[in-house]
Amino acid sequence: MRWLRSPGLQMLPLLLLLAVAGNQLRLVSSHHMSPWSGGGFGMFSTTDAATDRHLHVYLLTPGLRRDLKVPPYLEDAARRALTLPTEPQIRRLARELAEGLSEQAPAELEIQIWSTAYDPDRLTPDSGMLRSLRVDLFAEL
Amino acid sequence: MSIFSPSSDKSPNGAAAPIILGMQLTLLDLLLQPVGPWWLRWAILLLAAAGLIARGAITHPGLWLALGALTSIRVVADWPLSDNHAYLLSYWCLACGLAALSPRRDFYLARNARWLIGLSFALATLWKLALSADYGSGLFFRVTLLTDPRFENFARLAGGLSLEQFNALRDHVSAHADNGMAAGLAAPAEPLRFKLLAQGASIWNMALNFSIAMAFLWPEGRGPSRIRNELLLVFCLVTYAIATVEGFGWLLIAMATTQTSPGQRHTRAAYVIVFGLILLYREIPWGDLIFTTLTGDR
């Protein structure tokens, strides 16, 4: 176990910090991760926090598009999808939403993740869609 | 041994005063601000309490490697929701554990404390200065001072906003605005003083973040490194009075205490005082009290 005492091993925490921060930069630029999260120390640097993002969920059945509210017990899954709107995170939310639905007919869930930017002169907000995903409920459950 | 005494006074396990104090403050941070889901929290709390109470446990590598593992599991379990200081806490516990395995424990832990603080602030500076589109212009603070409830009293008092102005501006920035729906809304006027406050807060934070990064990454004992403790103390004193992120403040202080030189007893005392102040910031609604006293509003 002499390797546990090697001077090089003392650099591990620093290397981890840099590697995680590098990965956060990648996720922010390629997967719309909120810069506040992910270990890159981007908190308090931008208005694009997960708490300033919002989502819309629609239940799509033949001929009908219904707006769904995310129930409070799925807040955690919703926050994960807002923070890092990758397909796995959105599918996870869709799966948990689908478990609370009683749809018998073929149906899809459409989940949209939105972020908000502000006009620098008038502070007027303008939200744009970061990502949208349709999930077939029968295939997912 | 006094926790403020120079390194010639060693604890029974041979560790210098700054190391012991830094580790004690880290464990105190874990007890005052319990972290993780319930299935991890109890174990972290028990280890932190044992580290403070059990004789000789505080510098035991097993304690810190276990805490490093548990706090890392917490980050993974919470992915991607963890705040940045959750990551820093796990790096720091790992650094304590690895240093405790080494014959040069005090040297490695002090160096890792300096570099972890320096790199954290360097990355924060990078985001504020270069990567964020809305920080340098003051836009971030113009919005956040209105939307983050923690800043409401400060925004109204220092920004000179009446309750009506504050509510009008907050409602405006909070309007539902998908695909430009809010473009036609009439924007309430922003007082110049409020804009200047936001711009000043941006410049102050960028300058302080950059200075702390430079001071902690600079070779020790030279140039800006000589005022690193003063800079960090000012940062903690001011920042955590307004933005109550006490877990981060306590962690920074615990790490910074570890890297003080043995003779810097007063600096360590100042860190402990600021650690206590951050607790008071959390427990006493001083912002509300000052605001109510000065404005008569409730």
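Overview of the structure. These figures come from a predicted structure and were not determined experimentally. (Residues numbered from 1 in each chain as written. Chains lettered and ligands numbered in written order. Predicted model: local features only at pLDDT ≥ 70, side-chain atom pairs only at ≥ 80, totals over all residues. Heavy atoms only, no water.)

So, the overall build of chain B
- Check the secondary structure of chain B and you find 13 helices and 0 strands.
- Each helix and strand of chain B, ordered N terminal to C terminal, gives the series α-α-α-α-α-α-α-α-α-α-α-α-α.
- For a compact globule of 298 residues, the expected C-alpha radius of gyration is about 19 Å, and chain B comes in at 21 Å, within 12% of that figure.
- Taking the principal axes of the C-alpha coordinates as reference, chain B spans close to 70 × 45 × 40 Å.
- The buried share of chain B, reckoned over its 298 residues, is 52%.
- Summarising the internal contacts of chain B: among those between residues at least 6 apart in sequence, 66% fall at separations of at least 24.
- Carbon and sulfur atoms make up 65% of the accessible area of chain B, which amounts to about 12,600 Å² in all.
- Taken as two groups, the 22 positive and 18 negative side-chain charges of chain B have centres that lie 12 Å from each other. (Helix = DSSP H or I, 4+ residues; strand = E, 2+ residues; numbered from the N terminus. Rg over C-alpha atoms; globule rule 2.2 N^0.38 Å. Buried < 20%, exposed > 50% of the residue type's maximum accessible area, 1.4 Å probe, protein only. Contact = heavy atoms within 4.5 Å. Areas by Shrake-Rupley, 256 points an atom, 1.4 Å probe, with all protein chains shown as cover. Lys, Arg positive; Asp, Glu negative; His and termini not counted. Charge placed at Lys NZ, Arg CZ, Asp CG, Glu CD.)

Overview of the interface of chain B and chain A
- The interface is formed by 55 residues belonging to chain B together with 51 residues belonging to chain A.
- Roughly 4,700 Å² of surface becomes buried between chain B and chain A when both sides are summed, with 65% attributable to carbon and sulfur atoms.
- Counting the surface chain B buries against chain A, the share from its top three residues, Leu81(B), Asn84(B) and Trp127(B), is 15%.
- Taken together, the connections running from chain B to chain A amount to 0 salt bridges.
- Applying the counting rule to chain B against chain A returns 21 residue pairs in polar contact (both at pLDDT 80 or more).
- When residues of the side of chain B that touches chain A are traced back to their parent elements, those giving at least two are α3 (61–78), α4 (84–101), α5 (105–131), α6 (139–147) and α8 (163–173) of chain B. (Buried area = accessible area lost by both parts, 1.4 Å probe. Salt bridge = Lys/Arg side-chain N within 4 Å of Asp/Glu carboxyl O. Polar contact = N/O pair within 3.5 Å; in protein donor to acceptor, adjacent residues only side chain to side chain.)

Thoughts on the state of the cysteines
Residue and element names in this part refer to chain B.
- Counted according to the given criterion, the structure contains 0 disulfides over all chains.
- No disulfide involves Cys-93; its nearest neighbouring cysteine sulfur is the one of Cys-96, lying 6.2 Å away.
- Exposure remark for Cys-96: the relative accessible area of 0% places this residue in the buried category. (Disulfide = S-S within 2.5 Å.)

Considering the nonpolar core
- Ranked by size, the top nonpolar core spans 91 residues in total, and within it Leu88(B), Trp92(B), Leu116(B), Ile117(B), Ile212(B), Leu232(B) and Tyr240(B) carry the most contacts.
- The contact partners of Tyr240(B), leaving out residues within four places of it in the chain, are Phe235(B), Val245(B), Phe248(B), Gly249(B), Leu252(B), Ile278(B) and Tyr281(B).
- One finds Ala81(A), Ala94(A), Leu97(A) and Leu133(A) within the second-largest nonpolar core, a separate group that totals 21 residues. (Core = buried A, V, L, I, M, F, W, Y, C linked by side-chain atoms within 4.5 Å.)

Examining the pairing of strand β3 (residues 108–118) of chain A
All names here are of chain A.
- The buried count for β3 comes to 9 of 11 residues, which makes it a mostly enclosed element.
- The pairing of strand β1 (residues 54–61) with β3 spans 7 bridges and is antiparallel. Looking across to β3, one finds that His-54 is bridged to Trp-114.
- With 11 bridges joining them, β3 and strand β4 (residues 125–136) adopt antiparallel strand pairing. Looking at the pairing, Ile-113 lines up with Arg-131 of β4.
- Where β3 folds back on β4, the antiparallel hairpin that results is connected by 6 residues, among which Leu-123 adopts a positive phi of roughly 65°. (Pairing = 2+ DSSP bridges.)

Section: the packing of aromatic side chains
- With the rule as written, the count across this model stands at 11 aromatic pairs over all chains.
- Measuring from centroid to centroid gives 4.8 Å for Trp36(A) and Phe44(A), while their planes differ by 45°, and the two rings are tilted.
- On the basis of relative accessible area, Phe44(A) is assigned to the buried category, the value being 17%.
- Between Tyr281(B) and Trp286(B) the ring centres are 6.0 Å apart and the planes differ by 40°, which places this aromatic pair in the tilted class.
- Given a relative accessible area of 14%, Tyr281(B) falls into the buried group. (Phe/Tyr/Trp six-rings, centres within 6.5 Å; stacked < 30°, edge-to-face > 60°.)

Observations regarding the packing of helix α2 (residues 38–53) of chain B against α3(B)
Residues and elements named next belong to chain B.
- Packing of α2 against α3 brings their axes to within 10 Å, and their N-to-C directions diverge by 155°. When the axis of α2 is compared with that of α3, the two are roughly antiparallel. The interaxial crossing formed by α2 with α3 has left-handed handedness. Facing Trp-39, Leu-40, Ala-43, Ile-44, Leu-47 and Gly-51 of α2, the residues of α3 in contact are Leu-63, Ala-66, Leu-67, Leu-70, Thr-71, Ile-73, Arg-74 and Ala-77.
- Of the residues assigned to the contact of α2 with α3, the class counts are 11 nonpolar, 2 polar and 1 charged. (Axes fitted to C-alpha atoms, helices over the stretch in contact; angles between N-to-C directions. Parallel < 35°, antiparallel > 145°, perpendicular 65-115°, else oblique. Left-handed = near helix turned anticlockwise from the far one by under 90°. Nonpolar A, V, L, I, M, F, W, Y, C, P; charged D, E, K, R; others polar.)

Some details on the sheet that holds strand β2 (residues 64–68) of chain A
All names here are of chain A.
- The 4 strands are arranged β2-β1-β3-β4 in an open sheet whose pairing can be described as antiparallel. Among the strands making up the open sheet, the edge pair consists of β2 and β4. Going from strand to strand, the sheet's axes swing by 25° on average, the running direction of each strand aside.

Looking at the side chain of Thr124(A)
- With respect to the secondary-structure elements, Thr124(A) resides in the loop between β3 and β4.
- Contact partners of Thr124(A), with chain neighbours within four places excluded, come to Ala117(A), Tyr118(A), Asp119(A), His172(B), Ala182(B), Ala183(B) and Ala187(B).

Side note on α5(B)
- Helix length check: α5(B) (27 residues) gives 37 Å between terminal C-alpha atoms against 39 Å at 1.5 Å per residue, within 8%.
- Burial analysis of α5(B) places 19 of its 27 residues in the buried class, the great majority of the element. (Expected span 1.5 Å × (residues − 1).)

Details of the side chain of Thr260(B)
Residue and element names in this part refer to chain B.
- Relative to the helices and strands, Thr-260 is located in the loop between α11 (246–258) and α12 (265–283).
- For Thr-260, a relative accessible area of 5% corresponds to the buried category.
- Engagement of the side chain of Thr-260 in a polar contact is seen with the backbone oxygen of Thr-257, the distance being 2.7 Å.
- For Thr-260, the side chain forms a polar contact with the side chain of Arg-268, separated by 3.2 Å.
- If near-sequence neighbours (up to four positions away) are discounted, Thr-260 is found in contact with Pro-18, Asn-229, Thr-267, Arg-268 and Tyr-271.

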